[in-house]
Amino acid sequence: MLRPIPARQPGGAPTTALRLGLDTLGTLPPDIARPSYDVRSLQPGVVHLGVGGFHRAHQAVYLDRLAGLGHRGWGVRGIGLRSNSHRDALAAQDHLYTVVELGTGAPRARVVGVLTDYLPAGGTAETDAAVAALADPRTQLVTVTVTAPAYAVATSAPGTAPTAFELVAQALRIRHRAGLAPFTVLSCDNLPDNGPAARRCVVEAAAALDPALARWVERTGAFPSSMADRITPPTSSEHRRLLRQELGVHDRAPVVTEPFSQWIVEDAFVGEAPPLADAGVDVVSDVRPYVAAKMRLLNAGHVALGFLGASTPNATTDAAMADPATGSLVERMLAEEVSPLLHPVPGLHLPTYLGEVLDRLRNPAIADPLSRLRRRGSVRMRNYVLPSLERAVLAGAPHLLLTEVVASWVDHLRRAAVTLEEGRATSEELAEELADPALARLLGPASRAAHDVRPFLAVADGFERLAGCPGFVQALQQSVTDREVGARAAAS
Ligand SMILES: NC(=O)c1ccc[n+]([C@@H]2O[C@H](COP(=O)([O-])OP(=O)(O)OC[C@H]3O[C@@H](n4cnc5c(N)ncnc54)[C@H](O)[C@@H]3O)[C@@H](O)[C@H]2O)c1
Ligand SMILES: O=P(O)(O)OC[C@@H](O)[C@@H](O)[C@H](O)[C@H](O)CO
């Protein structure tokens, strides 16, 4: 457990912050929880692909707990892919970092020691080192957080860096040739059926190397599905200041997160598996009901806050939830339109779960930037909102509020197109801000959607069936047009 840290009085004496490192671990302020085990004794049983904030606030914390329970074989070697986020900072502090939980009480901090190494992304030598770490016979588990769009591109274009799945396939080729068993590949990315998606990508990457390898992977590989949940916003300089001045730790790569954490993993491992259940992971035979509840409630709530909040002064989730218009629309959408369509989830009382989700979205200490929740809009809309919307439309169930959310997304894209036309942003800046793989094809139709939304629906992924439902198209058209008319009136 993390220990609560008494809030320092405003104006209290400034703390001399201790630089985080193995040499200072024993002298950190007593309120900061730290590894109870010898960090240097860890064996690297896990390789993680895509060392972002979420991995460090979630999976690494469970594995850190395991190490604390005496399971020393599950140290994590991280591999950077697109970016080497915080790699130098982490290396300079012996790969230790602080996880700060921000809830209703005082912040709680814990130093995590389970990251043993962080291999960079880059050129041929880096790729070879990454593949060697994966192929290492000690590696039993490969965890993955590379974002949902990465699963649409299993193999890289010539002359570009290998994808995560190509690295895995190259390592599996080495293991196959050496007569070793494969490792388990555990996707923790937010996408439905993330296990089968990871399997498909690795098999495709393996087939490009050798069809026999692909057959071996298909036959012997293990790709459990999982549902990993813990809201982890980007760490800001204010968070670092809080840690330094209020908690007395000088950490160049901390992560902040909420107190809530859940990890539900399909029981489908190959070789040796970490005893994840001992660390609080639910290991189940079928994760799909849990994934559906989480994505259609929490993640859809995030999508709704992000896009409905885009045309308001609110910049964070807590502010948007407190806004009577946005917050109540999101609450009603989840309670009245989404929840009734969910199937029962084993061990979960849906109204209680929804109440928790809403409380998490309201958490003022997290204050998740809405800009984060507008990234990859087309992917999030398809995975989190469309499953409920399509079911509701086809069943004749209420869906007005879900439709409003789609309209707010179209409107946000229209506004983005205007900033481009008026030279207030470059296409590179928009691509960076929205990180949407479909952006180029959506901007034009979105900018004309107030006149006719159908061309937009024709190019937006996943809307094929809804585009053929006249009642839905008419309601969406009305809402999109109203939004543009309202925006023009407000501007004049
Ligand atoms: N942040 C959260 O609250 C949270 C919670 C649950 C699940 N997740 C999932 O975890 C994943 C990572 O989230 P994060 O918050 O750590 O984001 P992040 O931006 O901090 O990290 C994303 C990581 O993925 C890598 N990456 C991005 N695109 C890639 C690609 N095409 N190929 C390979 N690597 C790629 C980046 O380099 C980075 O290391 C996402 O899929 C997200 O859905 C996040
Ligand atoms: O990460 P994405 O793009 O799938 O969705 C954004 C957020 O909804 C997501 O990161 C949540 O914070 C997370 O799923 C909470 O566990």
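Note: the structure precedes this text.
To start, this report covers the structure provided alongside it. Everything numeric in this text was worked out from a predicted model, so none of it was measured.

What to know about the packing of helix H5 (residues 164–177) against helix H6 (residues 194–209)
Think of two packed helices as two axes; the pair is described by the angle between the axes and how far apart they sit.
Logical step 1: Closest axis-to-axis distance for the H5/H6 pair is 8 Å, and the angle between their directions is 60°. The orientation of H5 relative to H6 falls into the category oblique. Of the two elements, H5 crosses H6, and the hand of that crossing is right-handed. In this structure, H5 contributes Phe165, Glu166, Val168, Ala169, Gln170, Leu172 and Arg173 to the contact, and H6 contributes Ala198, Cys201, Val202, Ala205, Ala206 and Leu209.
Logical step 2: The class makeup of the residues in the contact of H5 with H6 is ten nonpolar, one polar and two charged.

Some remarks on the site of ligand 2
Logical step 1: Near ligand 2 lie 14 residues; those nearest to it are Asp229, Lys294, His302, Arg380 and Tyr384.
Logical step 2: One of the side-chain nitrogen or oxygen atoms of Asp229 is found 2.5 Å away from an oxygen atom of ligand 2.
Logical step 3: With respect to ligand 2, the side chain of Arg376 contributes an N or O atom lying 3.2 Å from an oxygen atom.
Logical step 4: A total of 400 Å² of accessible area belongs to ligand 2 in isolation, and the protein chains cover 90% of it.
Logical step 5: Counting only elements with at least two residues in the shell around ligand 2, the list comes to strand S10 (226–229), helix H9 (288–308), helix H13 (370–373) and helix H14 (377–395).
Logical step 6: Tallying contributions element by element places H9 first for the shell around ligand 2, with four residues.
Logical step 7: Across the shell around ligand 2, the residue classes break down as five nonpolar, three polar and six charged.
Logical step 8: No fewer than three residues from each of domain 1 (3–284) and domain 2 (289–491) sit in the shell around ligand 2.

How each quantity is defined
Residues numbered from 1 in each chain as written. Chains lettered and ligands numbered in written order. Predicted model: local features only at pLDDT ≥ 70, side-chain atom pairs only at ≥ 80, totals over all residues. Heavy atoms only, no water. Axes fitted to C-alpha atoms, helices over the stretch in contact; angles between N-to-C directions. Helix = DSSP H or I, 4+ residues; strand = E, 2+ residues; numbered from the N terminus. Parallel < 35°, antiparallel > 145°, perpendicular 65-115°, else oblique. Left-handed = near helix turned anticlockwise from the far one by under 90°. Contact = heavy atoms within 4.5 Å. Nonpolar A, V, L, I, M, F, W, Y, C, P; charged D, E, K, R; others polar. Near = heavy atom within 4 Å. Polar contact = N/O pair within 3.5 Å; in protein donor to acceptor, adjacent residues only side chain to side chain. Areas by Shrake-Rupley, 256 points an atom, 1.4 Å probe, with all protein chains shown as cover. Domains from an automatic or database assignment.

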